[in-house]
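Below, each chain spelled out in residue letters.
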Amino acid sequence: VCDFRVQDVELGGQGAPLVPIGDRLFFSDYKYCINLGGFANISVEKDARRIAYDICPVNTVLNHFTRKLNKEYDEDGKMARAGAIDEELLKKLNSLQYYKKSAPKSLGIEWVNSEIIPLLEVYEKDIPSVLHTFSIHVATQISNSLDHEPKSKVLLTGGGTFNKFLISEIQSKSQCEFIIPDKELIDFKEALIFALLGVLKLRGEINVLSSVTGSKMDHSSGRIYEP
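Described in the following lines is the structure provided in the data block. Here the structure is a predicted model, which means the values were calculated and not measured.

1. A word on the overall build of the protein chain
Piece 1. Summing up its helical and strand segments, the protein chain has ten helices and five strands in all.
Piece 2. With respect to the three principal axes, the spread of C-alpha positions in the protein chain is 55 × 35 × 35 Å.
Piece 3. For the protein chain, the proportion of its 227 residues judged to be buried stands at 52%.
Piece 4. About 11,200 Å² of surface is accessible on the protein chain, with carbon and sulfur atoms providing 51% of the total.
Piece 5. Charge-centre separation for the protein chain: the mean point of 27 positive side chains lies 3 Å from the mean point of 31 negative side chains.

2. A look at the pattern of salt bridges
Piece 1. Following the criterion strictly, the structure yields ten salt bridges and no others.
Piece 2. Of the charged contacts in the structure, one is a salt bridge between Asp 187 and Lys 183, with a shortest N-O distance of 2.6 Å. Note that Asp 187 and Lys 183 are positioned in helix H9 (residues 183–202) at a spacing of four residues, about one turn of the helix.
Piece 3. What makes Asp 187 partly exposed here is its relative accessible area of 34%.
Piece 4. For the salt bridge of Glu 205 with Arg 203, the shortest nitrogen-to-oxygen distance reads 3.0 Å.
Piece 5. Arg 203 sits in the exposed class, given a relative accessible area of 55%.
Piece 6. Each of Arg 24, Glu 45 and Arg 50 takes part in salt bridges that share partners, so that together they form one network.

3. With respect to the sheet that holds strand S1 (residues 32–36)
The strands making up a sheet are joined through hydrogen bonds of the backbone, oriented either antiparallel or parallel.
Piece 1. Strand order across the open sheet formed by five strands is S3-S2-S1-S4-S5, with mixed pairing between neighbours. In this open sheet, the two edge strands, each paired with only one partner strand, are strand S3 (49–57) and strand S5 (177–179). Averaged over all adjacent pairs, the angle separating strand axes in this sheet is 20°, with direction ignored.
Piece 2. Alignment of strand S4 (residues 153–157) against S5, held across three bridges, turns out to be parallel. Following the sheet pairing, Leu 155 is matched in S5 by Ile 179.

4. A word on the nonpolar core
Piece 1. Counting 46 residues, the largest nonpolar core has Leu 36, Ile 116, Leu 120, Ile 142 and Leu 146 as its most contacted members.
Piece 2. Among the elements that make up this core, the one with the highest residue count is helix H7 (residues 127–143) (seven residues).
Piece 3. Among residues more than four places away in sequence, those in contact with Ile 116 are Pro 57, Val 61, Leu 93, Leu 96, Trp 111 and Phe 134.

5. Describing helix H8 (residues 164–172)
Piece 1. Along H8, the positions that sit buried rather than exposed are Phe 165, Leu 166, Ile 167, Glu 169 and Ile 170.
Piece 2. Elements in contact with the buried residues of H8: S1, helix H4 (78–82), H7, S4 and S5.

6. Some points on the packing of aromatic side chains
Piece 1. Evaluated as defined, the whole model comprises five aromatic pairs.
Piece 2. Pairing Phe 26 with Phe 27 gives two aromatic rings, centres 6.2 Å apart and planes at 85°, and the pair type is edge-to-face.
Piece 3. You can call Phe 27 buried: its relative accessible area is 9%.
Piece 4. Judged by centre distance (6.3 Å) and plane angle (80°), the rings of Tyr 99 and Trp 111 are edge-to-face. Separated by twelve residues along the polypeptide, Tyr 99 in the loop between helix H5 (87–94) and helix H6 (109–121) and Trp 111 in helix H6 bring together distant segments of the chain. Each member of the pair, Tyr 99 as well as Trp 111, carries the same accessibility label: buried.
Piece 5. Chaining the aromatic ring pairs together yields one cluster made of Tyr 98, Tyr 99 and Trp 111.
Piece 6. For Lys 105, the ring lying beneath its charged end belongs to Tyr 98, and the centroid distance is 4.4 Å.
Piece 7. Over the ring of Tyr 30 we find Lys 153; its NZ or CZ atom is 5.2 Å from the centre of that ring.

7. Observations regarding the side chain of Ser 145
Piece 1. In this fold, Ser 145 is placed in the loop between H7 and S4.
Piece 2. On the basis of relative accessibility, which here comes to 16%, the residue Ser 145 falls in the buried class.
Piece 3. In terms of polar contacts, Ser 145 uses its side chain to reach the side chain of Tyr 53, at 3.1 Å.

8. A look at the pairing of S3
Piece 1. The buried fraction of S3 is high, at eight of nine residues.
Piece 2. Two elements, strand S2 (residues 39–46) and S3, share eight bridges in a ladder whose sense is antiparallel. Its bridge partner being in S3, Lys 46 is matched across the sheet by Arg 49.
Piece 3. Hairpin geometry of S2 and S3 is characterised by an intervening segment of two residues between the two adjacent antiparallel strands and by a positive phi of about 55° at Asp 47.

Reading the values: rules and limits
- Residues numbered from 1 in each chain as written.
- Predicted model: local features only at pLDDT ≥ 70, side-chain atom pairs only at ≥ 80, totals over all residues.
- Heavy atoms only, no water.
- Helix = DSSP H or I, 4+ residues; strand = E, 2+ residues; numbered from the N terminus.
- Buried < 20%, exposed > 50% of the residue type's maximum accessible area, 1.4 Å probe, protein only.
- Areas by Shrake-Rupley, 256 points an atom, 1.4 Å probe, with all protein chains shown as cover.
- Lys, Arg positive; Asp, Glu negative; His and termini not counted.
- Charge placed at Lys NZ, Arg CZ, Asp CG, Glu CD.
- Salt bridge = Lys/Arg side-chain N within 4 Å of Asp/Glu carboxyl O.
- Pairing = 2+ DSSP bridges.
- Axes fitted to C-alpha atoms, helices over the stretch in contact; angles between N-to-C directions.
- Core = buried A, V, L, I, M, F, W, Y, C linked by side-chain atoms within 4.5 Å.
- Contact = heavy atoms within 4.5 Å.
- Phe/Tyr/Trp six-rings, centres within 6.5 Å; stacked < 30°, edge-to-face > 60°.
- Lys NZ or Arg CZ within 6 Å of the ring centre and 35° of its normal.
- Polar contact = N/O pair within 3.5 Å; in protein donor to acceptor, adjacent residues only side chain to side chain.

Right, dumping it as structure tokens:
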């Protein structure tokens, strides 16, 4: 079972995100599920509807700049921690139009390449400070997506959870309780849920939520190829 996005686009949706159905079924103990991957995305139950959207880029940007220093990624966020905040750059990032849009909304690498990278390249003589400032930007946008109630539990997964500087910045901007699970769930949560999407499709059950993607209706999406 594959090609889960095609039918949703045909029904007027964005074809993403697809993981929130798994958040609802597997991780309902958490108010928010946030994945810190190439992009940060969030899902939450509001008024009996699952709402989900991309918050902002994360590793697509951070790794782009660490590679300029011949490193695949910033281990534990050490380079970012060594940098300094650039208030002017932070203001420009937080002013981008995408952040004013309402959900459903999603991001792609094309948006990063046209809107984010050109802004940051002006400052790339000091890459640690670019990483530092962009990490604070990510933490700010995540903070803007939360209710900040101390009782609200937030499940954090994805590769960004290993970035200790980023996590410390996220925690500093909210009173929510942030839960970082074991490495297996961090690494494989999305893969697990895509397997669930396949099972739901084979059973003819809903696996894509219109409240999340903007499609005309909830539906059972995917193409089945028999061996």
